[in-house]
Amino acid sequence: MSDKKTSNAMWGGRFAAGPDAIMEAINASIGFDKRMAKQDIQGSRAHAAMLAACGIINDKDAKAIEEGLLTVLSEIERGEFPFSVALEDIHMNIESRLTDLIGEPAGRLHTARSRNDQVATDFKLWVRDQFDACITALDALMLAFLGQAEAGVNFVMPGFTHLQVAQPVTWGHHMLAYVEMFARDKSRMIDARARMNTSPLGAAALAGTSFPIDRDMTSKALGFDRPAANSLDAVSDRDFALDFLSAASICATHLSRMAEELVIWSSAQFKFVTISDRFSTGSSIMPQKKNPDAAELIRAKVGRINGSLIALLTIMKGLPLTYSKDMQEDKEQVFDAADSLMLALAAMTGMMQDMRPNEAELRAAAVTGFSTATDLADWLVRALNMPFRNAHHVTGALVKMAEDQGCDLHELTLAQMQSAESRINAGVYDVLGVDNSVASRQSFGGTAPENVRAQIDQWKARLT
């Protein structure tokens, strides 16, 4: 039987002639939805077992369906399955092959089910699997950042605002900032996974079914918490895909921020870090170049992932209930975003495991740019009981003096400092060192090394 005749047979008697080439091309989704083959077979096995348990099909047919589906799964896993564009999608491809294998019982599998609830179930199962994979990848990434934090608990570096030197911080504290970000990403994915975990199977085309099915049985078999409560919503809901893309976009943004820092830090102008050769490339013409290409590509991935989110939001924004063919366009966006995010997570984890911070360069940068000016102002408040606004003014005058002299604050003489405020004494020099500065920031969430050690211990306990 030709593909065109097979397609017509699968549609039934409604269409006397097969679709022309253009319609076949725009209508088919097998090129991308074959990625859901495992989930489709998983859902069909649960559905067939339920049909038998409810007496809707007999046990003999159910057993034939089960064995046939396992054979199909084996063929797909071995790369021997004959995917057909004429059969449109993964559901019809599998059903057609099942018919070849077991004959008439295959036609009973679709009882009390529609492609609408079938695809919603398959897609939910696939996205749920992807949430699990991302959560595992985020754990590995956070552990890599913790390794960096632990190795550089006492390393002093400049903290920036507006990419200008602001105050000294510790390397470990900076690394822990990203652990916090990625922990929120993990939390978002856990929340979204819990929210999506209702089963569409049994909602049929849109109105439910007249067959006495047991939706709780299939829901439990597929690892869902419960069946979706409204059949209209069950087949038309793609919030779970939007939740995934939203969480992926925010996560990719965090990855992009770190990637940007790596691009800056690894430059000859900064020299804060050395990225391993495994995640760098050279130049075809400039032999001295070592380019942070992995970081740059991670930085770019957020554009693709954000684009997928906007695309699916746009697809869904004007759809009346329930299913429309527009929703076939949901999967490529999610598949691409998932691939991009998983690759970016793996690349960033590898870079963080291999990266070497350059302690001397970090320290040298931390003592420039008047990074202890706030410490000076705080000392004036504490030691001289000066109102902070007055202390801010005096400190500003001293910064201007140091700037004019081409030196840093700790290089000003006591006499020079006293020219701005006569009560300043030699004790001021105790707070102008970057080590003293970071050690003094002991408020909760502050950069003091003892705080950082405590936070590292807490995170390691949570993640391991």
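Our subject in this report is the structure included herewith. Counting starts from 1 at the beginning of each chain's written sequence and moves along it residue by residue. pLDDT decides what is reported in this predicted model: residues at 70 or higher carry local features, side-chain atom pairs at 80 or more are listed and counted, and totals for whole chains, interfaces and linings draw on all residues regardless. The basis for every side-chain value is the complete set of heavy atoms in the structure, and neither hydrogens nor water enter the calculation.

## Quick look at the overall build of the chain
Assigned secondary structure in the chain consists of 19 helices and 6 strands. Throughout, the radius of gyration refers to the C-alpha atoms, and the reference size of a globule is 2.2 Å times the residue count to the power 0.38. Relative to the compact-globule value of 23 Å for 464 residues, the chain shows a C-alpha radius of gyration of 31 Å, a clear excess of over 25%. Expressed along its principal axes, the backbone C-alpha trace of the chain runs to roughly 100 × 55 × 40 Å. Throughout this description, buried means an accessible area under 20% of the type-specific maximum (1.4 Å probe, protein chains only), exposed means over 50%, and partly exposed covers the range between. Looking at the chain residue by residue over its 464 residues, the buried ones come to 50%. In the chain, of all internal contacts separated by at least 6 residues, the share reaching a separation of at least 24 is 75%. Looking at the chain as shown, the accessible area adds up to about 21700 Å², and 53% of this sits on carbon and sulfur atoms. Charged residues are defined narrowly, with Lys and Arg counted positive, Asp and Glu counted negative, and His plus the chain ends left uncounted. Just so you know, the charge point we use is NZ for Lys, CZ for Arg, CG for Asp and CD for Glu. On the chain, the mean spot of the 46 positive side-chain charges and the mean spot of the 58 negative ones are 1 Å from each other. Each helix is a run of H or I in the DSSP string that is no shorter than four residues. Each strand is a run of E no shorter than two, and both are numbered from the N terminus. Throughout, a contact is declared for two residues whenever any of their heavy atoms are within 4.5 Å. Reported accessibility uses the Shrake-Rupley method at a 1.4 Å probe radius. Residues are deemed covered only where the shown protein chains occlude them.

## Thoughts on the layout of surface pockets
In this analysis, the protein atoms alone were mapped onto a 1 Å grid. Cavities are point sets where a 1.4 Å probe fits without being able to get out; pockets are open sets with protein on both sides within 12 Å along at least five of seven lines; lining residues have an atom within 4 Å of a point. Grid points are joined across faces, edges and corners, and a volume is the space filled by probe spheres set on the points. Considering only enclosed or pocket space, the largest pocket measures out at about 330 Å³ in volume. Around the largest pocket, the lining comprises 14 residues; the ones closest to its centre are Phe160, His174, Tyr178, Arg257 and Glu261. Within the residue set of the lining of the largest pocket, elements represented by two or more residues are β1 (156-161), α8 (171-196) and α11 (239-265). The element best represented in the lining of the largest pocket is α11, accounting for 5 residues. In this count, Pro and Cys sit with the nonpolar residues alongside Ala, Val, Leu, Ile, Met, Phe, Trp and Tyr, while Asp, Glu, Lys and Arg are called charged and the others, Gly among them, polar. Considering only residue class, the lining of the largest pocket consists of 9 nonpolar, 2 polar and 3 charged.

## With respect to the packing of aromatic side chains
Here a Phe, Tyr or Trp ring, Trp counted by its six-membered ring, pairs with any other such ring whose centre lies within 6.5 Å, and the pair is stacked when the planes are under 30 degrees apart, edge-to-face when over 60, and tilted otherwise. All chains considered together, the criterion is met by 12 aromatic pairs. Ring centres of Phe145 and Tyr178 lie 5.6 Å apart, and the angle between their planes is 25°; on these two criteria the pair is classed as stacked. Here Phe145, found in helix α7 (residues 115-151), pairs with Tyr178, found in helix α8; they are 33 residues apart in sequence, far enough to count as distant. For the residue pair Phe145 and Tyr178, the accessibility class agrees, reading buried in each case. Seen in terms of ring centroids, Phe160 and Phe270 are 6.4 Å apart; in terms of plane orientation they differ by 55°. Their pairing is tilted. Residue Phe160 is located in strand β1, and its partner Phe270 is located in the loop between α11 and β5 (273-274); the two are separated by 110 residues in the primary sequence. The class of Phe270 is partly exposed, set by a relative accessible area of 24%. Put simply, the rings of Phe160, Trp171, Trp265, Phe270 and Phe272 touch in pairs and so form one group of aromatic residues. The ring of Phe224 has Arg128 lying over it, and the distance from NZ or CZ to the ring centre is 4.9 Å. Positioned over the ring face of Phe123 is Lys331, at 5.3 Å from the centre of the ring. Definition used: whenever NZ (Lys) or CZ (Arg) falls within 6 Å of the ring centre and also within 35 degrees of the ring normal, the charge is taken to sit over that ring.

## What to know about the environment of His392
Positionally, His392 belongs in helix α16 (residues 388-405). On the basis of relative accessibility, which here comes to 48%, the residue His392 falls in the partly exposed class. As a C-alpha pair, His392 and His91 span 301 residues in sequence and 70 Å in three-dimensional space.

## Concerning a nonpolar patch on the surface
Together, Leu206, Leu232 and Leu321 give the surface a local cluster of nonpolar side chains, amounting to about 270 Å² of exposed area. Checked against the element boundaries, Leu206 lands in the loop between β3 (198-199) and α9 (215-221). Think of a patch as exposed residues, more than 30% relative accessible area, with no salt bridge, where like charges cluster within 9 Å and nonpolar side chains (Val, Leu, Ile, Met, Phe, Trp, Tyr) cluster within 5 Å. Salt bridge, as used here: a side-chain nitrogen of Lys or Arg that lies within 4 Å of a carboxyl oxygen of Asp or Glu.

## Concerning the pattern of salt bridges
A full pass over the atoms with the stated rule returns 23 salt bridges. Across the pair Arg188 and Asp185 runs a salt bridge, and its minimum N-O distance is 3.0 Å. You can see Arg188 and its partner Asp185 sitting in helix α8, 3 residues apart, about one turn around the helix. Asp378 is paired through a salt bridge with Arg441; the nearest N and O atoms lie 3.4 Å apart.

## Considering the packing of α7 against helix α13 (residues 330-354)
Interaxial distance between α7 and α13 falls to 9 Å at its minimum, and their mutual angle equals 15°. On the basis of the axis angle, α7 is roughly parallel to α13. For the pair α7 and α13, the sense of crossing is left-handed. Counted by class, the contact of α7 with α13 contains 20 nonpolar, 4 polar and 2 charged residues. Every angle, taken between N-to-C directions, lies between 0 and 180 degrees, and every axis is a line fitted to C-alpha atoms, over only the stretch in contact when it is a helix. Here the word oblique covers every angle except those under 35 degrees (roughly parallel), over 145 (roughly antiparallel) and from 65 to 115 (roughly perpendicular). In this scheme, a crossing is called left-handed if the near helix is turned counterclockwise away from the far one by less than a right angle; it is called right-handed if the turn is clockwise.

## Here we look at the nonpolar core
Within this scheme, the nonpolar core is defined by two criteria: the residues are buried Ala, Val, Leu, Ile, Met, Phe, Trp, Tyr or Cys, and they are joined through side-chain atoms within 4.5 Å. If you look at the biggest cluster of nonpolar residues, it comprises 80 residues, and the most contacted ones within it are Phe145, Leu255, Leu262, Trp265 and Met348. Within the residue set of this core, elements represented by two or more residues are α7, α8, α11, α12 (293-316), α13, α14 (359-366) and α19 (449-463). If you tally residues by element for this core, the top one is α11, at 16 residues. Setting aside anything within four residues of it in sequence, one finds Trp265 in contact with Met157, Trp171, His174, Met175, Met258, Phe270, Lys271, Phe272 and Val273. Judged by nonpolar contacts, the second largest core, of 22 residues, contains Leu380, Leu398, Met401 and Met417.

## What about the pairing of β1?
Note on strand geometry: in a regular strand, side chains alternate between the two faces of the sheet. Being paired, for any two strands, means DSSP has found at least two bridges between them. By the bridge criterion, 6 bridges tie β1 to strand β2 (residues 164-170) in an arrangement that is antiparallel. The residue of β2 that forms the bridge with Pro158 is Pro168.

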